[in-house]
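Fold and contact review
Residue strings, one per chain:
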Amino acid sequence: MRVSDLMRLAMGTITTRPTRTALSLLGIAIGVITVILLTSIGEGTRRYVLSQFTQFGTNLLTITRGKTQTVGIPGVLGGTTHKLTIQDAQAIRQLDGIIRVVPVSVGNARVEAEGKGRSVSVFGITADMPEHWKFTVRSGRFLPPGDPFRRQSVAVLGPKLKTELFGNASPLGSFVRIAGYRFRIIGVMAPKGNLLGFDIDDAIYVPVASAMTIFNMDELMEIQVAFGFGHQLETIIQRIRERLMERHRGEEDFTIVTQAAMLETMDNIMQVITVAVAVIAGISMIVGAIGIMTVMWMVVRERTAEIGLLKATGATSGQIYQLFLCESVILATIGGGVGLAVGLSIVQILPTLIPGIPVHPHIHYVLAALCVSTLAGICSGFIPARYAASIDPVRALHTQ
Amino acid sequence: MTGELIIDGFMTGAQVIKLKNVSKIYQVGDQPVYALANITEHIKPGEYVAIMGPSGSGKSTLLNVLGCLLRPTEGSYQLNGQEINTLNDSELSKLRQSVIGFIFQSFHLIPRLTAAGNVELPMIFAGIAPQVRQQRVTQALEAVGLTARSHHRPDQLSVGQRQRVVIARATVMNPRLILADEPTGNLDSESGKQILGLLDQLYALGHTLIIVTHDINVAHRAERVLVISDGHIVQRTSSCNLTPESL
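Calculation notes
Residues numbered from 1 in each chain as written. Chains lettered and ligands numbered in written order. Predicted model: local features only at pLDDT ≥ 70, side-chain atom pairs only at ≥ 80, totals over all residues. Heavy atoms only, no water. Pairing = 2+ DSSP bridges. Helix = DSSP H or I, 4+ residues; strand = E, 2+ residues; numbered from the N terminus. Axes fitted to C-alpha atoms, helices over the stretch in contact; angles between N-to-C directions. Contact = heavy atoms within 4.5 Å. Left-handed = near helix turned anticlockwise from the far one by under 90°. Nonpolar A, V, L, I, M, F, W, Y, C, P; charged D, E, K, R; others polar. Salt bridge = Lys/Arg side-chain N within 4 Å of Asp/Glu carboxyl O. Buried < 20%, exposed > 50% of the residue type's maximum accessible area, 1.4 Å probe, protein only. Disulfide = S-S within 2.5 Å. Buried area = accessible area lost by both parts, 1.4 Å probe. Phe/Tyr/Trp six-rings, centres within 6.5 Å; stacked < 30°, edge-to-face > 60°. Lys NZ or Arg CZ within 6 Å of the ring centre and 35° of its normal.

1. A closer look at the sheet that holds strand β9 (residues 208–212) of chain B
Residues and elements named next belong to chain B. Pairing is mixed across the open sheet formed by 6 strands, whose spatial order is β7-β8-β9-β4-β10-β11. Only two strands of the sheet have a single partner each, and these edge strands are β7 (100–103) and β11 (232–238). Adjacent strand axes in the sheet meet at a mean angle of 20°, parallel and antiparallel pairs treated alike. Direction of pairing for strand β8 (residues 177–181) relative to β9: parallel, over a ladder of 5 bridges. Counted as the bridge partner of alanine 180 is isoleucine 211 from β9. Taken strand by strand, helix α1 (residues 59–66) contacts β4 (48–52), β7, β8, β9 and β10 (224–229), and its axis lies near 155° from that of β8.

2. With respect to the packing of helix α1 (residues 3–16) of chain A against helix α10 (residues 317–353) of chain A
Residue and element names in this part refer to chain A. Put simply, α1 and α10 touch, their axes get as near as 9 Å, and they point 60° apart. The crossing of α1 and α10 is right-handed. Each of Leu6, Met7, Leu9, Ala10, Met11, Thr13 and Ile14 in α1 lies in contact with α10, whose residues at this interface are Gln322, Leu323, Cys326, Glu327, Ile330 and Leu331. Counted by class, the contact of α1 with α10 contains 10 nonpolar, 2 polar and 1 charged residues.

3. A closer look at the pattern of salt bridges
All names here are of chain B. On inspection of all chains with the given rule, the structure shows 28 salt bridges over all chains. Across the pair arginine 224 and glutamate 47 runs a salt bridge, and its minimum N-O distance is 2.7 Å. Of the two residues, arginine 224 sits in strand β10 while glutamate 47 sits in the loop between β3 (31–41) and β4, which places them 177 residues apart along the sequence. The two residues arginine 224 and glutamate 47 agree in class, both being buried.

4. Remarks on the state of the cysteines
Each disulfide consists of a covalent bond between the sulfur atoms of two cysteine residues. Residue and element names in this part refer to chain A. Using the criterion set out here, one finds 0 disulfides over all chains in the structure. In this structure cysteine 326 is not part of a disulfide, and its nearest cysteine sulfur, from cysteine 379, lies 16 Å away. Given a relative accessible area of 11%, cysteine 326 falls into the buried group. The cysteine cysteine 371 is free of any disulfide, with cysteine 379 supplying the nearest cysteine sulfur at 13 Å. When its relative accessible area of 52% is taken as the criterion, cysteine 371 is described as exposed.

5. As for the interface of chain B and chain A
With 24 residues of chain B at the contact, the number on the chain A side is 24 residues. Summed over both partners, the interface of chain B with chain A buries about 2,200 Å², with 62% contributed by carbon and sulfur atoms. It is His108(B), Arg112(B) and Phe125(B) in chain B that bury the most area against chain A; as a group they hold 33% of the surface buried on that side. Across the chain B-chain A interface, the total number found is 3 salt bridges. Asp5(A) is paired through a salt bridge with Arg133(B); the nearest N and O atoms lie 2.7 Å apart. At the level of secondary structure, the elements contributing two or more residues to the side of chain B that touches chain A comprise α2 (89–99), α3 (115–126) and α4 (130–143) of chain B. Taken together, the residues of the side of chain B that touches chain A sort by class into 12 nonpolar, 6 polar and 6 charged.

6. Comments concerning the packing of aromatic side chains
Residue and element names in this part refer to chain A. Across all of its chains, the model carries 9 aromatic pairs over all chains by this definition. Aromatic pair phenylalanine 142 and tyrosine 205: ring centres 6.2 Å apart, planes at 50°, arrangement tilted. Placement of the pair is phenylalanine 142 in the loop between β4 (137–140) and β5 (154–157) and tyrosine 205 in strand β10 (residues 203–207), with a sequence separation of 63 residues. Overall, tyrosine 205 belongs to the buried group, its relative accessible area being 1%. Pairwise contacts between aromatic rings join Phe123, Trp133, Phe135, Phe142 and Tyr205 into one cluster. Above the plane of the ring of phenylalanine 175 lies arginine 182, whose end atom (NZ or CZ) is 3.8 Å from the centre.

Note that all results are geometric; they support no functional claim without further evidence.
Written out as structure tokens, the structure is:
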């Protein structure tokens, strides 16, 4: 039997009962839609997260207090964790290959001005911060360079905080109170938006020493480091490690996180989540396949007499098998195609319906969904088709 | 039993099909039931044979064995020089495809296909090219007077027209053996006459016709009549000698 004839006969059967056909392929279609939708959201989220991190550059390191990977039993071996200090940051800055160091202290505090108040994030940083995080100043100027130990009472507002406190008026030269401490506003940052859901624009920036005073802290949250592109990452890490261990009495009580490692970790996590979501969504395709199998069983039962006729007129068992399997595969493929079209359409219009939602269809998942739907058709049609091929023609011809 | 069922010459003239000491046994519980018992008979090529007998006598079983839809439990049935029992299912299908045409009492037309589509079916499974199929379908429908109805589905045809489509389908592969199971059983007398007329034409063209019927008038059109009872051939007679009393 020619493939074109096989397809024509199978399609003829499928199109004869459009309602039943539509219902039987609905399960597969919903499965494919689910897979495409969820993996697109997963992939979109992955890309969003990565873009949020890569926007700062790839030549960055973050040094945090404590060790994330340790050996031994804490306490028993007498390990001590030293504080990360501004002196540590200055010591790192002197290393060869280091082009910028930003000591960071962060906390939440109430900021008040013009009779209004708002609890926001207070970033204690230095003058290098805009260059380091690719921020720009919209009006005025950023924190002045100089001695990081100097507790200057100057502040730069995030654009949202500025609007909340001062409206359209210029805040430059005005004063705000941060947790009761008085600061003069010298600049307003340009809008930056969100970073992983955190509104960077709703913040205030002060000198790191001032922030430590506000929060009554004698240590930094982290030290941000940028190194020159001509230097090996491992060499830079080694230099920083040696210098800090030297300062921390031989203890490696800090963690150096590279941007690449962080990106890789984030990427791995997001990929695992996306695959897990795809697998869970794929289970719905099994339900769809069972639907097709049920319909194919009904079809074989209904067409028993027809099977007898086909065998009497010379169709082999193999041809009968092919015919019913082909019907099943076509059903699943149409279901997959419909699911693909609807799924991709939803992905296209979703950002309009839900602004800001990160969606990005991934071709691998789309192809996998189509392949799985076709495979579901083969699997679901296999048993009914085998049964149809094994039907005794004489008994079949006597079936009404 | 005397003689052999021989339908020879429909392929090359030198080939022979034989049915000898054939039994078809079904197991009902522990008891074997003989649907056919030790049948040995022969029919010449181009012969028109009617098989008669009461319900459950084994007429249809014999027809199914002759049509290679059933394998004999015992005995030998040779078709085209080949022993049927030695052929696998696929080879039997090929044999049915090329040598045998079936005409059923209940038509067995596929409702979603047109008359032309139903006639085309055997050729599709034989892998015949679409252009050739088209030509043969046209000829077959023309032969049964249904050219104008080729695009009608079975539910748009009268019962007589449906049976004519079945005859077109049975003959489209130009088989030499045509097996008809009560071909006029579901038809009114006028349609029945038309169908019997078509069968007469097939006989005249040299097809070997074996027809199962309860109708003595139908059997009268055959050359020879075999009467079956309880799986045995109990009477062989020329149709001329057939009377209701002789059954």
